[in-house]
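# Breakdown of the fold
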Amino acid sequence: MTLEKRDLYDSIDQFEDELSAMLNKLQKMKESLQEVVEKNTQLELENQRLRDHLRELNQVAEQSAPTEKIKQDLSISRKNLEKIYEEGFHVCYDSYGSRRENDEPCAFCLEVIYRDSGK
């Protein structure tokens, strides 16, 4: 083997080693990128869940706000009826004074307390 051929062979071996090292580096970069993409997807999903939860909380707050306004507008007699109702007793015409079992809500009582009070 001549010196020229040997140098060429050594150069090819060196190039092969460098190419192998670059391939390993590329594989590590690909794995890192995959981890970043997965983490980003998790964060996007969590972000969406938090936005949805915040939207639900805002809707609940918006729905309860008118009720608070109505409660503030109640007359003294309706506030007394509300207090009796909250203590667990009916204030509706059919069952006035009887205990509400398990404090179940009564649409008739709520109608008596809150009807036309928002006007």
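This write-up is about the structure you can find in this document.

Cut-offs used in this document
- Residues numbered from 1 in each chain as written.
- Predicted model: local features only at pLDDT ≥ 70, side-chain atom pairs only at ≥ 80, totals over all residues.
- Heavy atoms only, no water.
- Helix = DSSP H or I, 4+ residues; strand = E, 2+ residues; numbered from the N terminus.
- Buried < 20%, exposed > 50% of the residue type's maximum accessible area, 1.4 Å probe, protein only.
- Contact = heavy atoms within 4.5 Å.
- Areas by Shrake-Rupley, 256 points an atom, 1.4 Å probe, with all protein chains shown as cover.
- Polar contact = N/O pair within 3.5 Å; in protein donor to acceptor, adjacent residues only side chain to side chain.
- Arc of directions from axis to C-beta.

A separate point is the overall build of the chain. Within the chain one finds three helices and zero strands. Across the chain, helices and strands are ordered from the amino to the carboxyl terminus as α-α-α. For the chain, the proportion of its 119 residues judged to be buried stands at 12%. Taking the contacts inside the chain whose residues are at least 6 apart along the sequence as the reference set, 32% of them involve residues at least 24 apart. When the accessible surface of the chain is summed, it comes to about 10,400 Å², and 55% of that surface belongs to carbon and sulfur atoms.

On to the side chain of Arg100. The topology assignment puts Arg100 in the loop between α2 (76-86) and α3 (107-114). Judged by relative accessible area, which is 5%, Arg100 ranks as buried. Separated by 2.4 Å, the side chain of Arg100 and the backbone oxygen of Tyr85 make a polar contact. For Arg100, the contacting residues outside a window of four places in its chain are Tyr85, Glu86, Gly88, Phe89, His90, Pro105 and Cys106.

Let's shift gears to the environment of Arg100. Sequence separation between Arg100 and Gly88 is 12 residues; the distance between their C-alpha atoms is 5.4 Å. A polar contact is formed between the side chain of Arg100 and the backbone oxygen of Glu104, at a distance of 2.8 Å.

Right, let's talk about α2 for a bit. Looking at α2, one finds that the buried residues are Arg78, Glu82 and Tyr85. Relative to the axis of α2, the buried residues are bounded by an arc of 60° and lie together on one face. Exposed and oriented more than 90 degrees from the buried face of α2 are Ile76 and Lys83. Just downstream of α2, Gly88 is the residue with a positive phi angle, here 105°.

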